[in-house]
Structures are given as structure tokens and as C-alpha cells.
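# Summary of the model geometry
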Amino acid sequence: MHSFEQYMPTKIVFGKEAELKAGTLAKEWQAKKVLLVYGGGSVVRSGLLGRVEAVLKAEGIEVEELGGVKPNPRMSLAKEGVKKAINSGADLVMAVGGGSCIDTAKAIAIAAAKPGTDLEEFWSGKIPIEKALPVGVVLTIAAAGSEMSDSAVLTNEETGKKAGAHSDLVRPKFAMMNPELMYTLPKYQLTCGIVDIMMHTMERYFTPVDGNELTDEIAEGVLRTVIRNGLKAYEDQQNYDALSEIMWCGSISHNGITGLGRPKDFLCHKLGHQLGAKFDEAHGATLSAVWGSWARYVYHLDEARFANYGRKVWNIDEENDEKTAVAAIEKTEEFFRSLHMPTCLGDMKMGIQPDEVLKEMAGKATAGDTMKVGAFQKMGAKELYEIYKKANHR
Ligand code: NZQ
Ligand code: ZN
């Protein structure tokens, strides 16, 4: 077995009315003032924000708010949040929403713990992340897995760059997960989330390192579970059990446990982040749009692994590894399409793009072709361009 390190500090409170624990959980962290971070209003309309505020206040905790987080969250709003946290003396940041709110909360937690710094400098690596305020989460969508992850992804509107900062210090201290909160999700967000969960698992499964059998088995189990329940929830979005399974898969897919002892690939995420930054496409959609092109580009490097994925996840067994691998790629895309998720750039609102744009994005994803990305196959700008090109159709 390959050696690994795993750190999972997040206390999970899962089930109906989980959000009502917000007050007692914040108190466990000795919070006196909580900055609540939320998005474009879904949590106001559903009454969730009010419920969370009420239980915080019932514990004698003061509340400050930062609303307006957008999907593909912007650095500028996070900076506003940093000021708010410092000026109000917030000692805990609590996201009420999805990945975009959680990542904004994490960013605030980093810079507010070190007044006088510029948030961007943590993203550029100029200032190391050495401390952070504690972050709590009330999760409203299963997707990004940020409720247990070590990363925060922000888009800098001035440079057009979407990138993550990583530190164990930003792993949330606690996350409340009530699957009922997902009843109000737009269908498109539900399916984007299902894709993202699959991708967090697959971007760790398809790596150049074999071994660590349990890691593979967990990943395959997450994939089978999210696919099966994804179809059920797509048919009936009030299916509490299906949503529960999806929600828990979301956390497991991205807390590290599906990739122990091996390098992460995350090349499709690099490709997808460019589409998110430039065209403001939903994160999950950017991933399904490029995955098939990536998979066809690389599968011949390890047909056995792709075939194993086909056998264990899709129950496909053709006469040899290559045929099983190809069938598994097709089956995955068929699944994406059954959820009305894009499998090419032309399926998204951005549409087919001219060559220059594809080259520009490939360049940005590799810092001007100065670094290789991915692990299953390490790639530079030229290869990324090839993958975009293969996905650039309708
Ligand atoms: O803003 P509101 O009004 O709340 O609406 C949101 C938003 O429009 C809506 N929504 C969420 N929960 C809802 C709901 N609407 C009704 N009822 C509910 N219960 O859904 C929309 C999308 O929300 P968002 O937070 O953007 O979704 P998601 O969780 O998919 O997060 C995506 C972001 O996370 C990043 C992505 O790049 C993207 O920016 N990621 C973060 C990661 C991490 N920190 O570990 C890893 C991921 O790979 C990913 O990169
Ligand atoms: Zn993702």
C-alpha cells in the first residue's frame, strides 16, 4: 500500500433540521460574533437564513451578514467580506449555501485572521496561509464538496483568472447537512452537482498509480451510489433518501478519501475553470463538457484502469480491455446526457469557440505553458488545446 496522510477535522451533523444546530456548534468554537455568508437570495426566500440567525441569537451570538455571493465567486466580494469581518470583530465565518458561499467564507477566514494583508496575496502565494478563523457550513447543495475540502476557488474579475488556494486550515470545523434543503434546487444545479461529485472521484481514480485497493473500492462505491441516486433524484426531487445519498457522496468525493496514496489528476477541473472564468458557465457543466474528450485522449495509456471502471461502475464487460474502456467512456457521456448535462462546448450557452479562444484558455490553464498539469498524463498548453478542440462541437 502506498503511504498517505489524511486529515478530516470537519464535524458532520447530517439529517433533517441539521441547520438548527448552528447555534450550539458555533458555541463549541466559542463564537461571539458570526459572519453569515450567503448567495443570491435562495436562502432568504426559503427562510433558511432566518432560521440559522434565530438559533445563533438564541445562544447569545451576534450576527453580521454578507450576501450576494455569485456562482464562480468573485474575489472582490470576498475582499468586502474581509473588511466586514475585521470591522465587526467576527470570530467565526459561517457559509449558508453551496461551494461558492463556502469558498468565499474560507477566503474571508484566511485574510481576516491576518489584518493588513491583501487577499490576492494568499492566492498568488506571496503570503502563506498560516492561520484562519474557524469556518462553519450550512450546506444547501451537494456538489463542490467544499464543506470538507481544503480548498477555496475564487475568480479574480480583473485578471479573469479562476484559481484555488489550499490549506488544511480552511477545512470547515463543522458542516450541517440537511438533504431537505435541496428540494428547492433548480434541476440544472442538481445535475451540475451530480457531475461535480463524479468528477471529484474520477479525477482521483484515473491516476498513474495503482494499488491502495480500498481507495479504489470507495471511489467505485461513491460513483455507483451517486449515479443510481442521481437518476432517482432527477425523476423526483423530493426523494429524501436519494438526496441524502447524493449529499454524503459529495462530501466523501472531495475530502481526500477517494484518492489516498496517489496523485490527483484534476486536469478536467483546470480545463473547466477556464470556461467558468471566461464564460461564467456552471462548474459541473464545464466538467461534463470536456471529460469525454479528455478520456478519449488518454485512455490508451491505461486501458485496464478504464476497463476496470467500466466493469465496477457500469457493469460493462466487452471482449477485451480496450472495448470495455471505450464503452465505459460512452456510457458515462450517455449518463451525462440523460441528466441534460453538456458533453461538448457547443452544448453550453458559450457555444463553439474560435481557435484563438481555445489556445488562450489552454495557455492560461498552464500559466503560459510554463507548467504541466494533470497526473494521469501530464500536459502542457498544446495538449490542453487539443482536448478543447475535440470538445469544440455541437
Ligand atoms: O446564490 P443562491 O441564490 O443561493 O443560488 C444558488 C446558485 O445560484 C443555487 N442554490 C444553491 N443551493 C440552493 C440553490 N437554489 C435553491 N435552493 C437551494 N437549496 O445554486 C447555484 C449554485 O450555487 P454554488 O454555490 O455556485 O454551487 P456549487 O456548490 O456547485 O459551487 C460551485 C463553486 O465551487 C467551486 C466551483 O469552481 C464553483 O466556483 N468548487 C469548489 C471546490 C472546493 N472549494 O473544494 C471544489 C470544486 O471542484 C469546485 O471547483
Ligand atoms: Zn469540482
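Residues numbered from 1 in each chain as written. Chains lettered and ligands numbered in written order. Predicted model: local features only at pLDDT ≥ 70, side-chain atom pairs only at ≥ 80, totals over all residues. Heavy atoms only, no water.

### Describing the site of ligand 1
In plain terms, the rule: When we say a residue is near a molecule or strand, we mean one of its heavy atoms is within 4 Å of it. Under this definition, polar contacts are N or O atom pairs within 3.5 Å; protein pairs additionally need one hydrogen-donor-capable and one acceptor-capable atom, and for neighbouring residues in sequence, both atoms have to be side-chain atoms. Note on areas: Shrake-Rupley, 1.4 Å probe, and residue coverage restricted to the protein chains presented here. Going along the chain from the N terminus, every DSSP run of H or I of four or more residues is numbered as a helix, and every run of E of two or more is numbered as a strand. In the scheme used here, Gly and all other residues not listed as nonpolar or charged are polar, with Ala, Val, Leu, Ile, Met, Phe, Trp, Tyr, Cys and Pro taken as nonpolar and Asp, Glu, Lys and Arg as charged.
Around ligand 1 sit 32 residues in total, of which Gly 40, Gly 99, Ser 100, Ser 149 and Thr 184 are the nearest. One of the side-chain nitrogen or oxygen atoms of Ser 146 is found 3.1 Å away from a nitrogen atom of ligand 1. In the environment of ligand 1, an oxygen atom lies 2.7 Å from a nitrogen or oxygen atom belonging to the side chain of His 200. When the free accessible area of ligand 1 is taken as 950 Å², the share hidden by the protein chains comes to 90%. Contributions of two or more residues to the shell around ligand 1 are made by helix 5 (99-112), strand 6 (151-156), helix 7 (187-205) and helix 10 (267-279). Within the shell around ligand 1, the residues separate by chemical class into ten nonpolar, 19 polar and three charged.

### Thoughts on the packing of aromatic side chains
How we decide: Aromatic contacts are taken between Phe, Tyr and Trp rings whose centres are within 6.5 Å, Trp giving its six-membered ring; a plane angle under 30 degrees counts as stacked, one over 60 as edge-to-face, and the others as tilted. Only protein chains enter the accessibility calculation, which uses a 1.4 Å probe; a residue whose area is less than 20% of its type maximum is buried, one above 50% is exposed, and one in between is partly exposed.
All chains considered together, the criterion is met by 16 aromatic pairs. Where Phe 206 meets Phe 306, the ring centres are 4.1 Å apart and the plane angle is 20 degrees; that geometry is what we call stacked. Of this pair, Phe 206 sits in the loop between helix 7 and helix 8 (213-235) while Phe 306 sits in helix 12 (residues 303-314), placing them 100 residues apart in sequence. Of the two residues examined, Phe 206 and Phe 306, each falls in the buried class. With centroids separated by 6.5 Å and ring planes inclined at 75 degrees, the aromatic side chains of Tyr 299 and Phe 306 adopt a geometry described as edge-to-face. Here Tyr 299 matches Phe 306 in class, with each residue buried. In textbook terms, an aromatic cluster arises when at least three aromatic residues are bridged by ring pairs, as seen for Tyr 205, Phe 206, Trp 291, Trp 294, Tyr 299, Phe 306, Tyr 309, Trp 314, Phe 335, Phe 336 and Phe 376.

### So, the pattern of salt bridges
Using the following cut-off: One speaks of a salt bridge when a side-chain nitrogen belonging to Lys or Arg is within 4 Å of a carboxyl oxygen belonging to Asp or Glu.
Evaluated as defined, the whole model comprises 22 salt bridges. In this structure, the salt-bridge partner of Asp 280 is Arg 74, at a minimum N-O distance of 3.4 Å. Taken together, the positions of Asp 280 in the loop between helix 10 and helix 11 (283-298) and Arg 74 in the loop between strand 3 (62-66) and helix 4 (75-88) put the pair 206 residues apart, joining distant regions of the chain. Residue Asp 216 is joined to Arg 262 by a salt bridge in which the shortest nitrogen-to-oxygen separation is 2.8 Å. Taken together, the positions of Asp 216 in helix 8 and Arg 262 in the loop between helix 9 (240-254) and helix 10 put the pair 46 residues apart, joining distant regions of the chain. You'll find Asp 216 and Arg 262 in the same group, each marked buried. Shared partners join several salt bridges into a network, and the residues in it are Asp 210, Asp 216, Arg 262 and Arg 305.

Nothing here speaks to function; it is all geometry.
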